[in-house]
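Each chain, letter by letter, is given below.
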Amino acid sequence: MIRTLLTRAGLVAAGVLTATLATATPAAAHGADAPDGTDYRTTVSGITPARDGLSVRVVEAGARLELTNRTGRPVEVIGYSGEPYLRIGPDGVFENAHSPATYLNRTIAGETTLPPEADPAAAPSWRRVADGPSVRWHDQRALYRESAPPSAVRAAPEREHRIRDWAVPLRDGADPVEIRGALDWVPPPDAYTWWAIATVGLLAVGAVGLLAAGSVPGARALAGLGALLVAGGAAAVVYTVGRELDAGAQGVGGVLLGLLGGQIWALLTGLGAIGAGGYALARRPAADFAVALAGACLALFAGVANAAVFARSVAPVPWPATSARVLVAIVLIAGAGATAAGVLRLHAARTPTATRV
């Protein structure tokens, strides 16, 4: 029985891995190359001069700017050579095929090779790219793109540093307008501390699997593992929703669409852990197997996949970065700990009891 279940678990895991690799594309998470965390904080101070109906915000942990135009008239974003780059108006969003920014801003690194038609001196060639009043884009003026930190950061890495104040020019009809903001370097946390917390926690949870499954403490341990999996699954769902909110999703429909399009595996493993935890709390048959499998998926797809926040000061959620680290630590402790405990209990069930002489 146990061997059959383990075989099925291997097949399920292989299927999940194959599906993940087959569906993994650059656009699979948020906006193509949204970071899992960064040490550079991009903030927006506002639009100068202010315009009623025109608003801007930072999304995807600072990787993109989002401009929303509800003025009823078209507004242009100006590119790096002073050319029209984007146009947002009542008829939708358009990009200028002749603007170099159209191609450079497709990746956060700005390393796209410019095609021959990219000529900032040419008359704009507008092509429609989206409906609605909002547009999001990488903007090199609001990002830090060098591989090494600035000299001031290298000299005093324990301090916060202002890298620069930045501005992105707009044009509202004939009037010049600017988006203004700042780029700061924020010292990262001590990743070793967070990994130590997660490791100690998962080892403590895994040790619960040493309790005899048929004993009263063992039965209570199974219920405890179930409750922990429910908590870990809930933490995974909360973190995943937070990522979508930080990516600019608005409303229940927008969040659900983002979850299904970019965070499906983290969402499914979180929900699966909640289900497996309830299954264990009910002490159903093969609960140990369900706990081990759900815990492994939770730790891999919702824990390890988001563990970059342990070493980054800016997390891709709309809450303090410490909250994000706590959520990911809970996911790792619950997932990996439940896996270890479940495997130990399964192994004990397979070990024959010694015959007394």
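Asker: Please give an account of the sheet that holds strand β1 (residues 40-48) that cites residues and values.
Answerer: Taken in spatial order, the seven strands of this open sheet run β1-β10-β9-β4-β5-β6-β7, and their pairing is antiparallel. Each edge of the sheet is formed by a strand with only one pairing partner; in this case those strands are β1 and β7 (126-130). Adjacent strand axes in the sheet meet at a mean angle of 25° when their direction is disregarded. Two elements, strand β4 (residues 75-78) and strand β9 (residues 161-172), share three bridges in a ladder whose sense is antiparallel. In the strand pairing of β9, Glu76 is matched with Arg171.

Asker: Provide a residue-level description of the sheet that holds strand β2 (residues 54-59), including the pertinent values.
Answerer: For sheets, the rule is that strands pair by backbone hydrogen bonds, running either parallel or antiparallel. Read across the sheet, three strands follow the order β2-β3-β8 without closing on themselves; strand pairing throughout is antiparallel. The sheet terminates laterally at β2 and β8 (134-137), the two strands that pair on one side only. Strand after strand, the sheet turns through a mean of 20° between neighbouring axes, direction not considered. One ladder, built from six bridges, connects β2 with strand β3 (residues 64-69); its direction is antiparallel. In the sheet register, Val56 faces β3, and the bridge partner there is Leu67.

Asker: Can you break down the packing of aromatic side chains residue by residue, with the values?
Answerer: As enumerated under the stated definition, the model contains four aromatic pairs in all. When the centroid spacing of 4.7 Å and the interplanar angle of 20° are considered together, the rings of Tyr40 and Tyr144 count as stacked. With a gap of 104 residues between them, Tyr40 in strand β1 and Tyr144 in the loop between β8 and α3 (151-155) connect regions that are remote in the sequence. A network of ring pairs unites the aromatic residues Trp194, Trp195 and Phe310 as a single cluster.

Asker: Help me get a handle on the nonpolar core, residues and values and all.
Answerer: Formed by 36 residues in total, the largest nonpolar core has its most connected members in Leu229, Tyr239, Val291, Leu298 and Phe310. Mapped onto this core, the elements with two or more residues apiece are α4 (191-207), α5 (216-246), α7 (264-281), α8 (287-303) and α9 (321-350). A total of 11 residues in this core trace back to one element, the largest contributor, which is α9. Beyond its immediate chain neighbours, meaning those up to four positions away, Val291 contacts Leu222, Leu225, Leu229, Ala280, Ala338 and Thr339. Core analysis: the next-biggest nonpolar cluster, separate from the first, contains 24 residues, Ile47, Tyr85, Ile88 and Val93 among them.

Cut-off values and rules
- Along every chain, residues carry numbers that run from 1 in the direction the sequence is written.
- In view of the model being predicted, local features appear only for residues whose pLDDT reaches at least 70, and side-chain atom pairs are presented and counted only at 80 or more, with totals across whole chains, interfaces and linings using the full set of residues.
- As a convention, hydrogens and water are excluded, and side-chain values are obtained from all of the structure's heavy atoms.
- DSSP-based pairing: two strands are paired if at least 2 bridges between them are found.
- The helix count covers DSSP runs of H or I at least four residues long, the strand count covers runs of E at least two residues long, and both are numbered beginning at the N terminus.
- Convention adopted: a line fitted to C-alpha atoms gives each axis, helices being fitted over their contacting stretch, and angles between N-to-C directions are expressed from 0 to 180 degrees.
- The rule is short: rings of Phe, Tyr and Trp, with Trp giving its six-membered ring, pair when the centres are within 6.5 Å, and they are stacked under 30 degrees, edge-to-face over 60, tilted in between.
- Throughout, nonpolar core names a set of buried Ala, Val, Leu, Ile, Met, Phe, Trp, Tyr and Cys residues whose side chains join them through atoms within 4.5 Å.
- Only protein chains enter the accessibility calculation, which uses a 1.4 Å probe; a residue is then buried when its area is under 20% of its type maximum, exposed when over 50%, and partly exposed in between.
- Contacts: residue pairs with any heavy atoms within 4.5 Å of one another.

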